[in-house]
Amino acid sequence: MVRRLIFRNVRLANWLADYAAKTEQNTFERGIMLFDKHRVWDYHASEQGLHASVEDLHSTFFQVHIRWFKETDDISANHLPPNLDQIDAVCGCHSKAPFCEHITASIIYWIMRLDKSKGVGKTESAADQGDSPAYQALAARLKTIAASETPSYQRFDTSKLSICPAIQDSAEQIVKTVMAYVKNRAQ
Ligand SMILES: [Zn+2]
């Protein structure tokens, strides 16, 4: 699961950490899961925002509309999303939370696409030292998720977490622990 949230762009990682801080942790984790299970369909981004159709675990589809109130220079030129307070997100599930799991899945899909796009400058892709509060918040969440998703240890490539040495050490420790546990059970 965690393997998909690998960033080239530290500013995008920070943005997502800020978003995560404004979301219920369970909601954020369910959003990651939906993204990871490829439940984001019909994704379409424009200058004004984006639309996606997100399928939940019961095969129900919810329409997500996200608009932003700002000139989109940051998005088109720098491949950075607008500030969170300039985003209006609506989902057909009528969740009471400002950002539901379907919106979260769409946003993660969007952020990962931005991260893969070509606009990453060298300064932005420089490795985070792991000391920014936003990145630490995200790293803490990723560690929680990694710990609770033991079956993914087989596919967990810790070498790709080189963006942040602190999380790499923790992740490797988690994987080693899980592998030892599985090995013991198999004997
Ligand atoms: Zn929703």
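Remember, predicted model here, so these are calculated numbers, not experimental data.

Conventions and cut-offs
Residues numbered from 1 in each chain as written. Predicted model: local features only at pLDDT ≥ 70, side-chain atom pairs only at ≥ 80, totals over all residues. Heavy atoms only, no water. Donors = N, O, S within 2.8 Å, 3.2 Å for Na, K, Ca; no water. pLDDT = per-residue confidence, 0-100. Contact = heavy atoms within 4.5 Å. Pairing = 2+ DSSP bridges. Helix = DSSP H or I, 4+ residues; strand = E, 2+ residues; numbered from the N terminus. Axes fitted to C-alpha atoms, helices over the stretch in contact; angles between N-to-C directions. Expected span 1.5 Å × (residues − 1). Buried < 20%, exposed > 50% of the residue type's maximum accessible area, 1.4 Å probe, protein only. Polar contact = N/O pair within 3.5 Å; in protein donor to acceptor, adjacent residues only side chain to side chain.

1. A closer look at the coordination of the zinc ion
All of the protein donors around the zinc ion are Cys91 (SG), Cys93 (SG), Cys100 (SG) and His102 (ND1); their distances to the metal are 2.1 to 2.3 Å. Mapping the donors of the zinc ion onto the primary sequence gives the spacing C-x1-C-x6-C-x1-H.

2. Considering the confidence of the model for the protein chain
Taken over all residues, the pLDDT of the protein chain has a mean of 75, while the share at 70 or more is 56%. Scored below 50 in pLDDT, residues 120–129 shows 20 contacts in the model against residues more than four places distant or in partner chains. Counting interchain partners and residues more than four positions distant, the pLDDT-below-50 stretch residues 150–156 has 11 contacts.

3. Some remarks on the sheet that holds strand β2 (residues 49–55)
Taken together, 4 strands build an open sheet; the order of strands is β1-β2-β3-β4 and the sheet is antiparallel. The open sheet terminates on both sides in strands that have one partner only, identified here as β1 (40–45) and β4 (87–91). Sheet twist, expressed as the mean angle between neighbouring strand axes with direction ignored, is 10 degrees. With 4 bridges connecting them, β1 and β2 associate as antiparallel partners. By the bridge assignment for β2, His44 is matched with His51. Against the sheet, helix α4 (residues 101–116) makes contact with β1, β2, β3 (61–68) and β4, and its axis sits at roughly 60 degrees relative to β3, the strand it touches most.

4. As for helix α1 (residues 10–21)
Since the α-helix packs 3.6 residues into each turn, any two residues three or four apart lie on the same face. The end-to-end C-alpha distance of α1 is 16 Å, a good match for the 16 Å that 12 residues give at a rise of 1.5 Å each. The element α1 is largely enclosed, with a buried count of 9 among its 12 residues. Along α1, the residues that are buried comprise Val10, Leu12, Ala13, Asn14, Trp15, Leu16, Ala17, Tyr19 and Ala20. Where α1 begins, one side-chain oxygen reaches toward the backbone nitrogen of Arg11, 2.8 Å away; that side chain belongs to Asn9.

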